[in-house]
Amino acid sequence: MSAEVINGRELSTALKEEMKVEVEKLKEFGLTPHLTVVLVGDNPASKSYVKGKEKAAAETGISSSLIELPASTTESALLQLIQELNDDTTVHGILVQLPLPDQIREEKVIEAIHPDKDVDGFHPINIGKMMTGEDTFLPCTPYGIITMLKSKNIKIEGKHAVVIGRSNIVGKPVGQLLLNENATVTYCHSRTKNLQELAANADILIAAIGKAHAITAEYIKDGAVVIDVGINRLENGSLTGDVDFESAKEKASYITPVPRGVGPMTITMLLKNTIKAAKGLSK
Ligand code: GUN
């Protein structure tokens, strides 16, 4: 069996076309969704992610601004800036790119962003709403994963989903969203004893480990749906996932590639959240 590849770039393009039409309509009513991105320091990966976000926003007619601060920025200066952005009625979405320099506590920054402008879906209030299944901003990568599954009409209800990785940004929330869709969810992580055995039991396998090609065919059940969240840079500079794509695609029924998989969907869902914020639908 050779798996069907779920192309995140193509799905993103289609979703961005839909959003473009919606944004044009909002503009006719005098509402231009606006995203403000804050970048502290000069981490090259963060800079490149932020550029991607600005480009995608422009493609859909969403306006965006980038505030770049030096790596020496204090926590109180950043919190002050966030307060100003919270009070600015022309700013609908606020995204502070992570990671932040060591002197700044990430949780303080996330908690300072007004929940109605939290387009990352990282604020504890929004995480709580996600857990109870209330309408809110969903974290972009997990939201993108669920959207990819639904785009192929992949049944989630009653399926055994195994999530490898327990980060606050991906692993924990994607497991919760799969549970909300009535999957049975198992979380695996660095201390899990029988990872291969558990993974090979999954109908839906989510790999968010951060280790190139860690998931080989032996970890995959025949016909499983394999979602690769990894973005690992090889020595030759190319990007690759957590899944060994070539061997995995012979066992899976569906698989996401890297690049052109989950990555583009993350940015696309950020735009969706920004439109939602502009429409004031998170309340
Ligand atoms: N750093 C890596 N991924 C993300 C993300 O989704 N949002 C923010 N704010 N920072 C990140």
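About the criteria used
Residues numbered from 1 in each chain as written. Predicted model: local features only at pLDDT ≥ 70, side-chain atom pairs only at ≥ 80, totals over all residues. UniProt positions renumbered as here; feature names shortened; annotations may be inferred. Helix = DSSP H or I, 4+ residues; strand = E, 2+ residues; numbered from the N terminus. Buried ≥ 20, exposed ≤ 12 C-beta atoms within 10 Å, placed from the backbone. Contact = placed C-beta atoms within 7 Å. Pairing = 2+ DSSP bridges. Axes fitted to C-alpha atoms, helices over the stretch in contact; angles between N-to-C directions. Right-handed = clockwise from strand over helix to strand, strands pointing away. Parallel < 35°, antiparallel > 145°, perpendicular 65-115°, else oblique. Left-handed = near helix turned anticlockwise from the far one by under 90°. Nonpolar A, V, L, I, M, F, W, Y, C, P; charged D, E, K, R; others polar. Core = buried A, V, L, I, M, F, W, Y, C linked by C-beta atoms within 7 Å.

Going by an unreviewed UniProt entry, the chain carries the name Bifunctional protein FolD and comes from Oceanobacillus profundus. In its Function (unreviewed entry) section, the UniProt entry covering the chain states "Catalyzes the oxidation of 5,10-methylenetetrahydrofolate to 5,10-methenyltetrahydrofolate and then the hydrolysis of 5,10-methenyltetrahydrofolate to 10-formyltetrahydrofolate." In its Sequence similarities (unreviewed entry) section, the UniProt entry covering the chain states "Belongs to the tetrahydrofolate dehydrogenase/cyclohydrolase family."

This part is about the UniProt feature "binding site: NADP(+)" (unreviewed entry) in the chain. Under the local residue numbering, the UniProt record ascribes the feature "binding site: NADP(+)" (unreviewed entry) to G165, R166, S167 and I231. Residue position: S167 is located in the loop between β5 (160–164) and α7 (171–180). Exposure remark for S167: the 15 C-beta atoms within 10 Å place this residue in the partly exposed category. Leaving out residues up to four positions away in the same chain, S167 has contacts with K172 and A208. Residue placement: I231 occurs in the loop between β8 (225–228) and β9 (232–233).

Our next topic: the sheet that holds strand β2 (residues 34–40). The three strands lie next to each other as β3-β2-β4, forming an open sheet whose pairing is parallel. If you trace the sheet from one side to the other, it starts and ends with β3 (63–69) and β4 (93–96), each paired once. Recorded for the sheet is a direction-independent mean angle of 15 degrees between the axes of neighbouring strands. Bridge count between β2 and β4: four bridges; the pairing is parallel. The partner of T36 across the bridge, within β4, is I94. On top of the sheet, helix α2 (residues 44–59) reaches β2 and β3; it is set at about 170 degrees to β2, its chief contact. Most of the contacts of helix α3 (residues 75–87) go to β2, to which it runs at about 175 degrees, and overall it touches β2, β3 and β4.

With that settled, consider the pairing of β3. Looking at chain direction, β2 and β3 are connected through seven bridges and run parallel. Residue pairing across strands places L35 opposite S64, the latter belonging to β3. You can see the chain leave β2, run along α2 and come back into β3, and the turn it takes is right-handed.

What follows concerns the sheet that holds strand β6 (residues 184–188). Read across the open sheet, the six strands follow the order β1-β11-β8-β7-β5-β6; overall the sheet is parallel. Across the chains shown, the open sheet's two edge strands, defined by having one partner strand only, are β1 (4–5) and β6. Where β5 meets strand β7 (residues 204–207), four bridges bridge the pair, whose relative direction is parallel. Looking across to β7, one finds that A161 is bridged to I204. Contacts from α7 reach β5, β6 and β7 within the one sheet, and its direction differs from that of β6 by about 165 degrees.

On to the pairing of β5. Summarising burial for β5: four of the five residues are buried, a large majority. Inspection of the sheet shows β5 paired to β6 by five bridges, in the parallel sense. Bridge pairing links I164 to C188 in β6. You can see the chain leave β5, run along α7 and come back into β6, and the turn it takes is right-handed.

This next bit is on the packing of α2 against helix α10 (residues 262–278). Direction vectors running N to C along α2 and α10 enclose 55 degrees, while the axes themselves pass 10 Å from each other. On the basis of their axis angle, the class for α2 and α10 is oblique. Classified by chirality, the crossing of α10 by α2 is right-handed. Across the interface between the two elements, G52, K53, A56 and A57 of α2 pack against I267, T268, L270 and L271 of α10. Residues that form the contact of α2 with α10 fall into these classes: five nonpolar, two polar and one charged.

This part is about the nonpolar core. Core analysis: the biggest nonpolar cluster contains 78 residues, and L205, I206, A207 and V226 have the highest contact counts within it. With nine residues, α10 is the single largest residue contributor to this core. Those residues in contact with I206 that sit more than four places away from it in its chain are I145, A161, V163, I164, V174, I227 and V229.

Trans is the prevailing form of peptide bonds, just as negative phi is the prevailing case for residues other than glycine. Omega for the peptide link from L98 to P99 comes to 0 degrees, which places this bond in the cis form. Along the chain, the position of P99 falls in the loop between β4 and α4 (106–112). Here the amide bond leading from V258 into P259 is cis, since omega sits at 0 degrees, within 30 degrees of zero. Relative to the assigned elements, P259 resides in the loop between β11 (254–255) and α10. Its identity as a non-glycine residue notwithstanding, N153 has a phi of 55 degrees, on the positive side. Considering the arrangement of structural elements, one finds N153 in the loop between α6 (140–151) and β5. Since 6 C-beta atoms lie within 10 Å of it, N153 is described here as exposed.

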